[in-house]
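A look at the structure
Residue-level listing of the chains:
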Amino acid sequence: MTDNPSPLKFHVPEPEVRPGGTPDFSNVPIPKAGSVDRPPVDVDPRTIRDLAYSIIRVLNREGDAVGPWAGTLTDEEQLEGLRHMMTLRTFDARMQMAQRQGKTSFYMQHMGEEAVSCAFRKALNKGDMNFPTYRQAGLLIAGGYPMVDMMNQIYSNEKDPLKGRQLPIMYSAKEHGFFSISGNLTTQYIQAVGWAMASAIKGDTKIAVGWVGDGATAESDFHAALVFASTYRAPVVLNVVNNQWAISTFQGIARGGSGTFAARGLGFGIPALRVDGNDYLAVHAVAKWAAERARSNLGPTLVEYVTYRVGAHSTSDDPSAYRPKTESDAWPLGDPVIRLKNHLIRRGLWSDDRHKQTEAEILETVIAAQKEAESHGTLHAGGKPSTRDMFEGVYAEMPAHLRRQRQKAGV
Amino acid sequence: MPRMTMIEAIRSAMDVAMGRDDNVVVFGEDVGYFGGVFRCTQGLQQKYGRSRCFDAPISELGIVGAAVGMASYGLKPCIEIQFADYVYPAYDQIVSEAARLRYRSNGEFTCPIVIRMPTGGGIFGGQTHSQSPEALFTHVSGLKVVVPSNPLDAKGLLIASIEDPDPVIFLEPKRLYNGPFDGHHDRPVTAWSKHDLGEVPEGHYTVPLGKAEIRRPGSAVTVLAYGTMVYVAQAAAEETGIDAEVIDLRTLLPLDLETIVASVKKTRRCVVVHEATLTSGFGAELVSLVQENCFYHLEAPVARVAGWDTPYPHAQEWDYFPGPKRVGEALIETMEA
Ligand SMILES: Cc1ncc(C[n+]2csc(CCOP(=O)(O)OP(=O)(O)O)c2C)c(N)n1
Ligand SMILES: [Mg+2]
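Quantities reported herein were computed from a predicted structural model and do not represent experimental measurements. Residue numbering note: each chain is counted from 1, following its sequence as written. Labels are handed out in written order, letters beginning with A for the chains and numbers beginning with 1 for the ligands. Only residues with pLDDT of at least 70 are given local features in this predicted model, and only at 80 or more are side-chain atom pairs given and counted; all residues enter the totals for whole chains, interfaces and linings. To get the side-chain values, all heavy atoms of the structure are used, and hydrogens and water are removed first.

A few words now on the coordination of the magnesium ion (ligand 2). All names here are of chain A. Any nitrogen, oxygen or sulfur atom within 2.8 Å of a metal ion counts as a donor, with the limit raised to 3.2 Å for Na, K and Ca, and since water is left out, coordination shells can look unfinished. Taken together, the protein donors to the magnesium ion (ligand 2) comprise Asp-214 (OD), Asn-243 (OD1) and Trp-245 (O), at separations of 2.0 to 2.4 Å. One chain supplies every donor to the magnesium ion (ligand 2), and in sequence these donors are spaced D-x28-N-x1-W. Residue Asp-214 is found in the loop between strand S2 (208-213) and helix H6 (220-231), and its partner Trp-245 is found in strand S4 (residues 245-246); the two are separated by 31 residues along the sequence. Exposure categories follow from relative accessible area, calculated using a 1.4 Å probe and restricted to protein chains: below 20% of the type maximum is buried, above 50% is exposed, and the middle band is partly exposed. The buried category is assigned to Asp-214, whose relative accessible area is 0%. A run of DSSP states H or I qualifies as a helix once it reaches four residues; a run of E qualifies as a strand once it reaches two. Both are numbered from the N-terminal end.

Here's what the structure looks like:
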């Protein structure tokens, strides 16, 4: 017993800087590119605990690809990767603008995070399944899903593959390894593990990938996923995209006293890696490593992508109310498109002119897709999904009470 | 008297309650520094400090479970679930814990918490920003359920809820935050600043839980409504020319049965409306109570108008929403029956 206990204090973490302050990331340790070891995939997880606290990086400041994680992609693949990221960025810009013009109700962009989903997609095989959040459209772009169909969904028009039922960008694309997005955070994470368990139960070769944001790791579904993945050694890659913000809440609120989000895996005996999320080459190398582990019956890997949400959370959000406007400029890991572009230029595979020309080409392609999608309607004009569609698909077979309601609605 | 939107009135209620009682704490996702995605808690952290108003990790289970623990210590948490659609991870903490703590501990531990959440559709929010889950809570013994329909009530009811000794589910119809929306989505909504019920006293007052209010006196048919549907029902009465008596229930549990029964015995007809899905909705309970208490006075079957039994769609939002046209049709049918 203590005689004179001092009063307890309530602790609430706060970001270093708020609007009006000067952004400062000097407390974020950024290891040199190439400085982190690349262990064999069958490594004993207990021996690589330090990887949960470091950052795997390939592209250095000069634009060279260095270290043991370099070299997983051919020149053509790297050029293609740049194109995918540029396409996603242009797609976002156009859809963001379409929302502002009232052509749809809502949009969420990827600005600054393009490398994560675009590069990861290239480590997957046909048949693998992603369980994404709303900020991984790069999986679709880099997987060749038609942009027009994405736009049809965003516009909730007559060609919307989801018949106007879902909020814009909550895509579903089974053939493209893209599970139906839920608006309820983190539900997909444990589902990814279940899908992977099923693949193992059936003796198949397919793997699953779970995706979650830094903020949403706080949901119980995240912890359930780690337990199940660990217990059943599920063939799954568990991704955490740490873009520093969850709407207005900085990542420290979800992370708490844990040094990193990757470190969450350690207590479960799951190998955990941190990677520079703005480095296309590093993301691909780590994705390949984790996917190979899953495919080799070595079980789950937890990967934290360190990146930054440059844009607003969504079209309903204004970040200037909670973080300095210039914070994204101070972000020490740079811009993923510029970093890959500079690397390719340095290697003589690319040039500023070709970049500009490609930008223009991409814009033209996106605008053409947009024209086509808009010819099938936008949220408030032109072709619409029918009211009948609203009653379909609740059940495999429509029960009598719903049929009566549909009749009452006169459709 | 100051004019307030429903958001400002809700904020003012928390401000008043926090000012009067140090035990009142406010937390939830984005509610601290930022003041909530609907800005209902704006300025409270600045005024009362981070120990009284703070951001929570994105865990609804955590938010409610922590509130139950705090309440058992003696605090009075008033917590925010960002959208009612996100309350389900917390359902066990609400149903098995908050609701039953008093009963199972024989009053040794109690749970005076308020769980605020924006509810209802009409903002093109799709299936995860539009739901009305009130019936999932009225079905649980030990919970009170409140649905205000205007700034004046919202403030008084919220203060009463915070001061209540038991857990209260406080559902805020988000389509009413800025004005009395009547279901005519293609017309501008009057701002609360131009509406009588937007006049809200600055300081402390309560609107007691369990008291309904007659919004439109009438003699032909009683309409039982709450939240957004109060205005939809009034619009339907004006548009059909049927002299409906529109009752705003305000509190679903405890329910003001007296006001309901007196009105139905007078009008001899009744229509029940809610935005939530029809089957097993709160309307079923209302219809049941009306027939138990007024059967020999009724001249027509009691009608229900509600959301269709589908998830809330995005594009077909206004085909889904039980607007004035559908309510009007039910009024006409009930009069002609
Ligand atoms: C269960 C649930 N709770 C709350 C929300 C509201 N919400 C939507 S996105 C979001 C922030 C998520 O942040 P993070 O996980 O970091 O992902 P990011 O948006 O940064 O990609 C919140 C709180 C929700 N959609 N679902
Ligand atoms: Mg985030």
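Around ligand 1, 20 residues are found, and the nearest of them are A:Tyr134, A:Arg135, A:Gly183, A:Trp245 and B:Glu60. Near ligand 1, residues from chains A and B are present, making the site a shared one. Nitrogen and oxygen atoms within 3.5 Å of one another constitute a polar contact, given that in protein one can donate a hydrogen and the other can accept it, and given that sequence-neighbouring residues count only through two side-chain atoms. Within the side chain of A:Tyr134, one N or O atom sits 2.7 Å away from an oxygen atom of ligand 1. Interatomic distance of 3.0 Å between a side-chain N/O atom of A:Asp214 and an oxygen atom of ligand 1. Taken by itself ligand 1 offers 590 Å² of open surface, and the protein chains cover 95% of this. Per-class residue counts for the shell around ligand 1 are eight nonpolar, seven polar and five charged. Whether a residue is near a molecule or strand is decided by its heavy atoms; if any one of them lies within 4 Å of it, the residue is near. Here the accessible surface of atoms and residues is derived via Shrake-Rupley with a 1.4 Å probe, and residues count as covered only by protein chains that are part of the display. Classification used: nonpolar for Ala, Val, Leu, Ile, Met, Phe, Trp, Tyr, Cys and Pro, charged for Asp, Glu, Lys and Arg, polar for all others including Gly.

The next thing to look at is the interface of chain A and chain B. At the interface, 43 residues of chain A touch 37 residues of chain B. A quick way to say it: buried area is the sum, across both parts, of accessible area lost when two parts are put together, with a 1.4 Å probe. Here chain A meets chain B over a buried area of about 3,300 Å², counting both sides, of which 61% is carbon and sulfur. Joining chain A to chain B, the criterion identifies 13 residue pairs in polar contact (both at pLDDT 80 or more). Broken down by secondary-structure element, the contributors of at least two residues to the side of chain A that touches chain B are helix H12 (387-391) and helix H13 (400-408) of chain A. Of the residues belonging to the side of chain A that touches chain B, the class tally is 20 nonpolar, 15 polar and eight charged. Contacts between residues were defined by any pair of non-hydrogen atoms, one from each residue, lying within 4.5 Å.

Residues and elements named next belong to chain B. In this analysis, rings of Phe, Tyr and Trp, with Trp reduced to its six-membered ring, are considered paired at centre separations within 6.5 Å, and the interplanar angle assigns stacked below 30 degrees, edge-to-face beyond 60, and tilted for intermediate values. One pass over the full model with this rule turns up 26 aromatic pairs over all chains. Taking 6.0 Å as the distance between ring centres and 65 degrees as the angle between the ring planes, the aromatic pair formed by Tyr-91 and Phe-137 counts as edge-to-face. With Tyr-91 in helix H4 (residues 91-98) and Phe-137 in helix H6 (residues 134-138), the pair connects residues that are 46 residues apart, well separated along the chain. By relative accessible area, which is 0% here, Phe-137 ends up buried.

Residue and element names in this part refer to chain B. Under this scheme, a helix contributes an axis fitted over its contacting stretch, all axes are lines through C-alpha atoms, and angles between N-to-C directions fall in the 0 to 180 degree range. Close contact between helix H1 (residues 6-20) and helix H7 (residues 151-163) brings their axes to 8 Å; oriented N to C, the two are set at 30 degrees. Classified by the angle their axes make, H1 and H7 are roughly parallel. Crossing handedness for the pair H1 and H7: right-handed. Between H1, through Met-6, Ala-9, Ile-10, Ser-12, Ala-13, Met-14, Val-16, Ala-17 and Arg-20, and H7, the contact on the second element is made entirely by Pro-151, Ala-154, Lys-155, Leu-158, Ile-159, Ile-162 and Glu-163. When grouped by side-chain class, the residues that make up the contact of H1 with H7 number twelve nonpolar, one polar and three charged. Just so you know how the angles are binned, under 35 degrees is roughly parallel, over 145 roughly antiparallel, 65 to 115 roughly perpendicular, and the rest oblique. The sense of a crossing depends on the near helix, which, turned anticlockwise from the far helix by less than a right angle, makes the crossing left-handed and, turned clockwise, makes it right-handed.

A word on the pairing of strand S7 (residues 301-306) of chain A. Residues and elements named next belong to chain A. With six of six residues buried, S7 lies mostly within the body of the structure. Burial along S7 is two-sided: the face carrying Thr-301, Val-303 and Tyr-305 and the face carrying Leu-302, Glu-304 and Val-306 are both buried. For two strands to pair, DSSP has to find at least two bridges joining them. Strand direction decides the pairing type here: strand S3 (residues 236-242) and S7, joined by six bridges, are parallel. If you follow Asn-239 over to S7, its bridge partner there is Val-303. Pairing of strand S6 (residues 272-276) with S7, which is carried by five bridges, proceeds in the parallel orientation. Bridge pairing in S7 links Ala-272 to Leu-302. Here the term right-handed applies to a crossover when the path leading from its first strand over the helix to its second strand runs clockwise, the strands being oriented away from the viewer. Handedness of the crossover is the feature at issue here: the chain leaves S6, passes through helix H8 (residues 280-295), returns alongside S7, and the resulting connection is right-handed.

Residue and element names in this part refer to chain B. By the assigned domains, chain B splits into domain 1 (4-196) and domain 2 (211-334). All domain edges in this entry derive from an automatic or database-based domain assignment. Put simply, the middle of domain 1 and the middle of domain 2, counted by C-alpha atoms, are 25 Å apart. Contacts between the two partners involve 35 residues from domain 1, matched on the other side by 30 residues from domain 2. Each partner contributes to the roughly 2,500 Å² buried at the junction of domain 1 and domain 2, and carbon and sulfur atoms together form 60% of this total. We define a salt bridge as a side-chain nitrogen of Lys or Arg found within 4 Å of a carboxyl oxygen belonging to Asp or Glu. At the junction of domain 1 and domain 2, the tally comes to two salt bridges. Here Asp-153 and Arg-250 are joined by a salt bridge, their closest N and O atoms 3.0 Å apart. Linking domain 1 to domain 2 there are 15 residue pairs in polar contact (both at pLDDT 80 or more). Those elements that place two or more of their residues in the side of domain 1 that touches domain 2 are H6, strand S5 (144-146) and H7.

Bringing the sheet that holds strand S2 (residues 53-55) of chain B into the picture now. All names here are of chain B. Judged by pairing direction, the sheet is mixed, and its seven strands sit side by side in the order S2-S1-S3-S4-S6-S5-S10 without closing on themselves. A single partner strand is all that each edge strand has here, and the edge strands are S2 and strand S10 (251-253). In this sheet, adjacent strand axes meet at a mean angle of 20 degrees when their direction is disregarded.

Let's shift gears to the side chain of B:Asn150. Residues and elements named next belong to chain B. Among the structural elements, Asn-150 can be located in the loop between S5 and H7. At 3.3 Å, the side chain of Asn-150 forms a polar contact with the side chain of Ser-149. Sequence-distant contacts of Asn-150, that is, excluding residues within four places in its chain, are made with Met-6, Trp-192, Leu-197, Arg-215, Tyr-231 and Asp-248.

All names here are of chain A. Strand order in the open sheet formed by five strands is S1-S2-S3-S7-S6, and the pairing between neighbours is parallel. Every interior strand has two partners, whereas the edge strands, strand S1 (129-131) and S6, have only one. Along the sheet, successive strands turn relative to each other by an average axial angle of 20 degrees, direction set aside. The pairing of S2 with S3 spans six bridges and is parallel. If you follow Trp-211 over to S3, its bridge partner there is Asn-239. On top of the sheet, helix H5 (residues 187-201) reaches S1, S2, S3 and S7; it is set at about 170 degrees to S2, its chief contact.

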